[in-house]
Amino acid sequence: MARFQHTYKWLFATLLLTLTACSSTPLFISKSPDMQFLLSTRAFIDMNDTRRNGAVVDKGLFYPKDTYSFAYRYCATSPETAINDIAEYQQLAKRTCDANQGKLVHQSTGTWCVSNANTPEESPIFYARISSTELWADLCLDGPFITMRVVENTDAAADEWRASAKILGYQPYTATRQLISKNDTYGQLYQSPTAPLGDQTWDQESLYIYNSTGQTVCLYDQANDSPLGHTFLGTVESVDVGKVRVLVTAKMKGDIRTAPIMEKLEWHDSAYITAPAHSWFVCG
């Protein structure tokens, strides 16, 4: 009996050590479809021919956008349909966030679903946005132009995802963080202009631009005199202390990453714009 107890204790100790060793390795457990907002978004798009006839936009060529970000646009069939689509998508975001036991928080960059909201343990789950741009309606036969964007982790480690989410707009919790009150015009999701990143934010695209004199790049500016803003296009001429000097040769209406066409505006024959490397993106 004593020998059996000794053997049992040895087996138990071995099993405990094995489980402890395994627990030190990050485990990536796949979420069910109703907890993955990107899958829910694709299902939302596939629900009818109108949404399916849209296109993927803002295709990121560099990490982390190429890994975590998805943007899509389509023409609604009527203003009423656009309103209904936006409301339906907002409800979908809320249901998906609830399924993840998260909470929607509205930051200056838009709405994030987070766990442990407004605490030091807060962590991003996904970002969601949908908007209607009637100023592009001349390109749609019957209704407004709908754009949606998702930022979500699929299978990366938590620390890698958190760092990438910060580059893509997530603002971590701090005692001084300012959240935005929900705008009831847009329901559950906060619509915001593109916000500049912090001065110390670098990613592969920033580094590539900083080391690529002659590269064609663009800068989007959400100007106060235009709800659409403007995109400036030019080539990298020089760099200095984190800033990039670009010879700008064209100014265009809106953000060319989501605008359906490149409508050129009046501009100088040539002019220089100097801005932090992360303000520019590769566009040619």
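Structural data are supplied above this passage.
Residues numbered from 1 in each chain as written. Predicted model: local features only at pLDDT ≥ 70, side-chain atom pairs only at ≥ 80, totals over all residues. Heavy atoms only, no water.

K.L.:
If you had to explain the overall build of the chain to someone new, which residues and values would you point to?
P.N.:
A count of helices and strands for the chain gives seven helices and twelve strands. Considering the chain as a whole, with its 284 residues, one finds that 41% of them fall into the buried category. A total accessible area of about 16,000 Å² is found for the chain, and carbon and sulfur atoms account for 54% of it. (Helix = DSSP H or I, 4+ residues; strand = E, 2+ residues; numbered from the N terminus. Buried < 20%, exposed > 50% of the residue type's maximum accessible area, 1.4 Å probe, protein only. Areas by Shrake-Rupley, 256 points an atom, 1.4 Å probe, with all protein chains shown as cover.)

K.L.:
How would you sum up the state of the cysteines? Please name residues and give values.
P.N.:
The tally for this structure, following the rule as stated, stands at two disulfides. The disulfide partner of Cys97 is Cys113, and the S-S distance across this bridge is 2.1 Å. For the disulfide bridge between Cys97 and Cys113, the dihedral angle about the S-S bond is near 90°, and by the sign convention the bridge is right-handed. One end of the pair, Cys97, is in helix H5 (residues 79-99); the other, Cys113, is in strand E4 (residues 110-115), with 16 residues separating them in the sequence. (Disulfide = S-S within 2.5 Å.)

K.L.:
Lay out the nonpolar core with the relevant residues and their values.
P.N.:
Phe37, Tyr89, Phe126, Ile130, Ile146 and Met148 are the most contacted members of the largest nonpolar core, which totals 23 residues. Mapped by element, the contributors of at least two residues to this core are helix H2 (37-45), strand E2 (69-75), H5, strand E5 (123-133) and strand E6 (145-152). Element by element, the count of residues in this core is highest for H5, at six residues. Excluding residues within four positions of it along the chain, Ile146 makes contact with Tyr72, Arg73, Tyr74, Ala76, Ala82, Ile86, Ile130, Ser131 and Ser132. Judged by nonpolar contacts, the second largest core, of 13 residues, contains Phe62, Val246, Trp280 and Val282. (Core = buried A, V, L, I, M, F, W, Y, C linked by side-chain atoms within 4.5 Å. Contact = heavy atoms within 4.5 Å.)

K.L.:
Describe the packing of H2 against H5, and please don't skip the residues or the numbers.
P.N.:
With their axes 10 Å apart at the nearest point, H2 and H5 run at an angle of 155° to one another. Taken together, H2 and H5 sit at an angle that is classed as roughly antiparallel. Considering the relative orientation of H2 and H5, their crossing is right-handed. Facing Phe37, Ser40, Thr41 and Phe44 of H2, the residues of H5 in contact are Asp85, Glu88, Tyr89, Leu92, Ala93 and Thr96. When grouped by side-chain class, the residues that make up the contact of H2 with H5 number five nonpolar, three polar and two charged. (Axes fitted to C-alpha atoms, helices over the stretch in contact; angles between N-to-C directions. Parallel < 35°, antiparallel > 145°, perpendicular 65-115°, else oblique. Left-handed = near helix turned anticlockwise from the far one by under 90°. Nonpolar A, V, L, I, M, F, W, Y, C, P; charged D, E, K, R; others polar.)

K.L.:
Tell me about the pattern of salt bridges, residues and numbers included.
P.N.:
On inspection of all chains with the given rule, the structure shows nine salt bridges. Ionic pairing is found between Asp58 and Lys65, a salt bridge with its closest N-O pair at 3.4 Å. When sorted by exposure, Asp58 lands in the same class as Lys65, which is buried. Residue Asp255 is joined to Arg257 by a salt bridge in which the shortest nitrogen-to-oxygen separation is 2.9 Å. Given a relative accessible area of 11%, Asp255 falls into the buried group. Among the charged side chains, a salt-bridge network with shared partners connects Arg51, Asp85 and Glu88. (Salt bridge = Lys/Arg side-chain N within 4 Å of Asp/Glu carboxyl O.)

K.L.:
I'd like a rundown of the environment of Ile125, residues and numbers included.
P.N.:
Positionally, Ile125 belongs in strand E5. A relative accessible area of 11% means that Ile125 is categorised as buried. Taking the C-alpha atoms as reference, Ile125 lies 5.1 Å from Val114; in sequence the two are eleven residues apart.

K.L.:
Which residues make up the side chain of Thr41, and what values go with them?
P.N.:
Tracing the backbone through its elements, the reader meets Thr41 in helix H2. For Thr41, a relative accessible area of 0% translates into the label buried. Discounting chain neighbours no more than four positions away, the residues touching Thr41 are Phe70, Tyr89, Leu92, Met148 and Val150.

K.L.:
Now, about the pairing of strand E9 (residues 243-253): what can you tell me, with residues and values included?
P.N.:
Pairing geometry for strand E8 (residues 230-240) and E9, over ten bridges, is antiparallel. Paired with Leu233 across the two strands is Ala250, which belongs to E9. From the end of E8 to the start of E9, which pair antiparallel, there are two residues, and Val241 there has a positive phi angle of about 50°. Bridge analysis of E9 against strand E11 (residues 271-276) gives six bridges, and the strand direction is antiparallel. Across the sheet, residue Arg245 finds its bridge partner in E11, namely Thr274. With two bridges joining them, E9 and strand E10 (residues 264-265) adopt antiparallel strand pairing. Within the sheet, the bridge partner assigned to Met252 lies in E10 and is Lys264. (Pairing = 2+ DSSP bridges.)

K.L.:
For unusual backbone geometry, give the residues involved together with the corresponding values.
P.N.:
Where the residue is not glycine, phi is negative for most of them; where a peptide bond is considered, it is trans in most cases. A cis amide bond links Tyr63 with the next residue in sequence, Pro64, at an omega value of 10°. One non-glycine residue, Gln101, lies in positive phi territory at about 55°. For Gln101, the location among the structural elements is in the loop between H5 and strand E3 (103-107). With relative accessibility at 72%, the residue Gln101 sits in the exposed group. The backbone of Val241 shows a phi angle near 50°, a positive value even though the residue is not glycine. For Val241, a relative accessible area of 72% corresponds to the exposed category.

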